[in-house]
Amino acid sequence: MKIPSWFNQNRFTSIVRVASAVTLISAAAAMAFVGVRPSTAAAPRYDINTLAGKVASLRGTAGLQIRFSAFLEQEAEEPEGIPAPGSITPIHVLSSPLDGTTIVPPNVLVNQDTAAAPQNETAIAVDPNNPNRIVGGANDYVTRTWSCFVDGTPCSALGDGYSGTYYSNDGGSTWCCNSNPDANYTPTSDPAQIGTLIPGVERLVGGIYDAGGDPSVAFDSQGNVYYAGLGFNRTSPPNTVAVNKGTFDGGGTLTWGLPTFINQTTSPSTLNDKEWIAVDSHSGSPFQDRVYVSWTRFIFQAGTGAYVQSPIFFVYSNDGGATFSTPKNISANAHYSQGSRPVVGPDGTVYVFWNGSTRLASLNSTYMAKSTDGGDTWSPPLSVATVTNIPGVRNTVFRVNSYPAAAAAPNGDVYATWNTEVDDTTPIYTGDTGCAYFIPGNHVSTCHSVAVYSKSTDAGQTWSDPAPVFGAGSRTGAGYPVTQPTPDPDPNGCQAANGCDGSTFIAPSPLGPIEDVFPAATVAANGHVYLAAYRGTTVSPWEVCFSGPLPPVGRITCDFLGPYIHNTRLDYVVRDLSGSTNPVNTQLINTRYGFGGGFFGDYTDIAAGSDNFFHAFWTDSNNVQNVVWWYGFEFVPTAIHQQDVVTGSGNF
């Protein structure tokens, strides 16, 4: 049978692209903030036909701190190789005896794959009429582990990051479903084969795009659920925002319709990123069940490929997501923006929050714009507070951001939360240029990332001063001391000069402050406000790979182990603003697993039902499964940690 024309053969014969985690962080740190904007001086030309070229253009813009979502950056840098015949037997698989091997109750594993596929970037929503009905979304790489074939080519070589979704009818105790493709797979939207992957966006699930993700989910007042995500190609321009509507039958089975595409484009000079969805599910609202979507529209010069700006755009639907209004720019003169989040108040007011800047600002702000007429007209953007965008959690290498999350309370109060970088001893929560990693002469070594929040009691006109979500604290050391490896007998392995000298490796002193990242917010029906985030509570030794094959094979196996380094592990912590603060994870979370440690998603989420129970949803790494297929390469069954998505529920 002829290979379908929609498979881009260049994807499977290209030279492997690889960037180490250190390189990724260095590139991110090179993106200074907005003190200087693009000039007319001679500049490099960028191939913005490719996702990698767009990322390079944004990174190459002097004086800029806006960046793509971590998901798109990871996709731009994902390696591709030519699958080789025969099974690969790993030499070393990186792991730590401090990490778990299964998800421990009361935490619940949400994704149901059994072949070690990674999932990350969590979104969750609860049916307002049925607190037992919950839908989650995540970037799902399950097609990278499918054991099927398309005309002799492994499905895992043709798959990519896809739009994954999961649902529960028992309050989050159990979740559905898993994919089950035929051995000789024909790309399809058949739920029996694709499980709860979103149909109609990516190629293996009946769509037209190579990849998709950046999930967001929301219910309307009728029990319908909506999933917003991206669709894009990595080596050609087409990209879109997509919205699928899901319905439950009488037996509780969720079925997704085909997508509606928003701002679908084939222009190299436009890229849609970081969408989020909200629905006015408030009974009696003048805009009840109107569907709202906001996203970032990155714009590049057609000739040079230079980055121009990235405004926030907005649309709404009055017919259940079948059609949407004409896209509207709502960010005004905050041209350099990213990471928007719409929320709807009980009176139908729509608020959109994002991280961005005007032309000459030295620091970003958390911005808010609002609409009282269902999204037809908008207020000018209001700076809720100035933000010092965070550079990362110390002793980790995963990409981070300072995007806001937000929620509206039943009484009309509105809450926003985000990360900002503050001084270790004299924290300033409204932006501190001294802690800005992108400004020369800073003292970022004595600063750390803090989750803060602000509250408005007058429909967003004024906001309280930002306050920390959690109390300050110092990390705990665990697993120390360890003995560094001795020099490898093989001269290609780690030697004493590389740190493999048999010495004793002890915990850092001082241990350093606890840092926060990826905050989330929800308000329960009883008015309790729940704020959540990862917290880097513990530092432990981690043995690195000294050398090994290039990715994707090198994501599984390592040829020679190297020395131990310090590694921050995370708790996922929830605070009830009127009560307690508690970790909801049962095991510490190690971000070194998957994607070379450089990508652990871009956000977490939390939602509450009418029963006043919250459901926190995060990426975890304490589950071990056997991988066989990975990016078209076959391995002997190999037990590995990967990224899974996990819930923890409660009420304090």
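Residues numbered from 1 in each chain as written. Predicted model: local features only at pLDDT ≥ 70, side-chain atom pairs only at ≥ 80, totals over all residues. Heavy atoms only, no water.

1. A few points about the overall build of the chain
What counts is decided by this rule: Helix numbering and strand numbering both begin at the N terminus, where a helix is a DSSP run of H or I of at least 4 residues and a strand a DSSP run of E of at least 2. Working rule for contacts: check all heavy atoms of both residues, and any pair within 4.5 Å makes them a contact. Each accessible area value is a Shrake-Rupley result obtained with a 1.4 Å probe; residue values ignore everything except the protein chains displayed when judging cover. Asp and Glu count as negative and Lys and Arg as positive, but His and the ends of the chain are not part of the count. Here the site of a charge means NZ on Lys, CZ on Arg, CG on Asp, or CD on Glu.
Looking only at helices and strands, one finds five helices and 36 strands in the chain. Considering only contacts within the chain whose residues lie at least 6 apart along the sequence, 67% involve residues at least 24 apart. With an accessible surface of roughly 21,900 Å², the chain has 53% of that area assigned to carbon and sulfur atoms. Charge centroids of the chain, computed over 29 positive and 51 negative side chains, lie 7 Å from each other.

2. Looking at the side chain of Asn623
This is how it is decided: Between buried and exposed lies partly exposed: a residue is buried under 20% and exposed over 50% of the maximum accessible area for its type, with that area taken using a 1.4 Å probe on protein chains only. Two N or O atoms count as a polar contact when they lie within 3.5 Å, although within protein this holds only if one can serve as hydrogen donor and the other as acceptor, and sequence-adjacent residues are included solely when both atoms are side-chain atoms.
By the secondary structure assignment, Asn623 is in the loop between strand S33 (614-620) and strand S34 (624-630). Judged by its relative accessible area of 7%, Asn623 falls in the buried class. At 3.5 Å, the side chain of Asn623 forms a polar contact with the side chain of Asp644. In contact with Asn623, not counting residues within four places along its chain, are Gly100, Thr101, Thr102, Ile103, Leu109, Ile640, His641, Gln642 and Asp644.

3. Re the pattern of salt bridges
Using the following cut-off: Any Lys or Arg side-chain nitrogen found within 4 Å of a carboxyl oxygen on Asp or Glu counts as a salt bridge.
Under the criterion given, the structure shown has 16 salt bridges. The partner of Arg234 in a salt bridge is Glu75, with the nearest N and O atoms 3.6 Å apart. You can see Arg234 sitting in the loop between strand S8 (225-232) and strand S9 (239-248) and its partner Glu75 sitting in helix H3 (residues 70-77), a full 159 residues away along the chain. Assessed through its relative accessible area of 3%, Arg234 is described here as buried. Under the relative-accessibility criterion, Glu75 is labelled buried at 0%. Across the pair Lys274 and Asp214 runs a salt bridge whose closest N-O atoms are separated by 3.2 Å. Of the two residues, Lys274 sits in strand S12 (residues 270-279) while Asp214 sits in strand S7 (residues 211-219), which places them 60 residues apart along the sequence. A relative accessible area of 5% places Lys274 in the buried class. Residue Asp214 is classed as buried on the basis of its relative accessible area, which comes to 0%. Beyond isolated ion pairs, a larger network of salt bridges with shared partners links Arg59, Arg67, Glu73, Glu77 and Arg399.

4. Some points on the environment of Val574
Mapped onto the fold, Val574 is located in strand S30 (residues 560-576). Judged by relative accessible area, which is 0%, Val574 ranks as buried. Once residues within four sequence positions are removed from consideration, Val574 is found in contact with Phe470, Tyr530, Leu531, Ala532, Ser580, Thr581, Asn582, Val584, Ile606, Phe614, Ala616 and Phe652.

5. Considerations on the state of the cysteines
Let me state the cut-off plainly: Disulfides are defined as cysteine sulfur pairs within 2.5 Å.
On inspection of all chains with the given rule, the structure shows five disulfides. Covalently, Cys176 is tied to Cys177 through a disulfide, its sulfur atoms 1.5 Å apart. Taking the torsion about the sulfur-sulfur bond, which here is approximately 50 degrees, the covalent link between Cys176 and Cys177 counts as right-handed. By relative accessible area, which is 22% here, Cys176 ends up partly exposed. Along the chain, the cysteines engaged in disulfide bonds are linked according to the scheme 1-2, 3-4, 5-6, 7-8, 9-10 when indexed in sequence order.

6. Focus on the pairing of strand S23 (residues 447-456)
Definition in use: The rule for pairing is simple: two strands pair if DSSP sees at least two bridges between them.
In terms of burial, S23 is largely enclosed, as nine of its 10 residues are buried. Bridging between strand S22 (residues 414-423) and S23 involves 10 bridges; their strand directions are antiparallel. Its bridge partner being in S23, Glu421 is matched across the sheet by Ser449. One ladder, built from two bridges, connects S23 with strand S24 (residues 467-468); its direction is antiparallel. In the sheet register, Tyr453 faces S24, and the bridge partner there is Ala467.

7. Regarding the environment of Gly152
Looking at the element boundaries, Gly152 is found in the loop between strand S4 (149-150) and strand S5 (153-154). Put simply, Gly152 and Pro128 are 24 residues apart on the chain and 46 Å apart in space, counted from C-alpha to C-alpha.

8. Overview of the pairing of S34
Bridging between S34 and strand S35 (residues 633-641) involves six bridges; their strand directions are antiparallel. Residue pairing across strands places Gln625 opposite Ile640, the latter belonging to S35. Hairpin connection, S34 to S35: the antiparallel pair is bridged by two residues, and Tyr631 has positive phi, about 55 degrees.

9. With respect to the packing of aromatic side chains
Stated formally: A pair of Phe, Tyr and Trp rings is counted when the ring centres sit within 6.5 Å of each other, with Trp represented by its six-membered ring. The angle between the planes then sorts it: under 30 degrees is stacked, over 60 is edge-to-face, the rest tilted. Two conditions define a charge sitting above a ring: the NZ of Lys or the CZ of Arg must be within 6 Å of the ring centre, and it must be within 35 degrees of the ring normal.
Tallying each qualifying case throughout the model produces 33 aromatic pairs. Between Tyr437 and Phe438, the ring centres sit 5.1 Å apart and the planes meet at 75 degrees, which makes this aromatic pair edge-to-face. One aromatic cluster in this structure is built from Phe398, Phe518, Tyr534, Tyr572, Phe600 and Trp618. One Lys or Arg, Arg297, reaches over the ring of Phe313 and ends 3.8 Å from the middle of that ring.

10. Here's the deal with the confidence of the model for the chain
Filter applied, for reference: pLDDT measures the predictor's confidence residue by residue and takes values from 0 up to 100.
Averaged over the chain, the pLDDT score is 92; the fraction of residues at 70 or greater is 93%. Within the model, the stretch residues 1-40 combines pLDDT values under 50 with 100 contacts to residues more than four positions away or in other chains.

11. Digging into the sheet that holds strand S18 (residues 350-357)
Here is the rule we go by: Axes here refer to lines fitted to C-alpha atoms; in helices the fit is confined to the stretch in contact. Angles between the N-to-C directions go from 0 to 180 degrees.
Read across the open sheet, the four strands follow the order S17-S18-S19-S20; overall the sheet is antiparallel. Looking at strand neighbours, the two that pair on one side only are strand S17 (336-344) and strand S20 (382-387), the edges of this open sheet. Strand-to-strand twist in this sheet, taken as the mean axis angle between neighbours without regard to direction, amounts to 20 degrees. Direction of pairing for S18 relative to strand S19 (residues 364-371): antiparallel, over a ladder of seven bridges. Of the residues in S19, the one forming a bridge with Trp354 is Tyr367.

12. Details of the sheet that holds S23
Read across the open sheet, the four strands follow the order S21-S22-S23-S24; overall the sheet is antiparallel. Among the strands making up the open sheet, the edge pair consists of strand S21 (405-408) and S24.

13. With respect to unusual backbone geometry
With an omega of 15 degrees, the peptide bond between Cys176 and Cys177 qualifies as cis. Looking at the secondary structure, you find Cys177 in the loop between strand S6 (162-168) and helix H5 (191-194). A positive phi angle is found at Ala116, which is not glycine, with a value near 70 degrees. Take Ala116: it is sitting in the loop between strand S1 (108-109) and strand S2 (119-127). Look at Ala116 and you get buried, because its relative accessible area is 2%. One non-glycine residue with positive phi stands out, namely Ala459, at about 60 degrees. Tracing the backbone through its elements, the reader meets Ala459 in the loop between S23 and S24.

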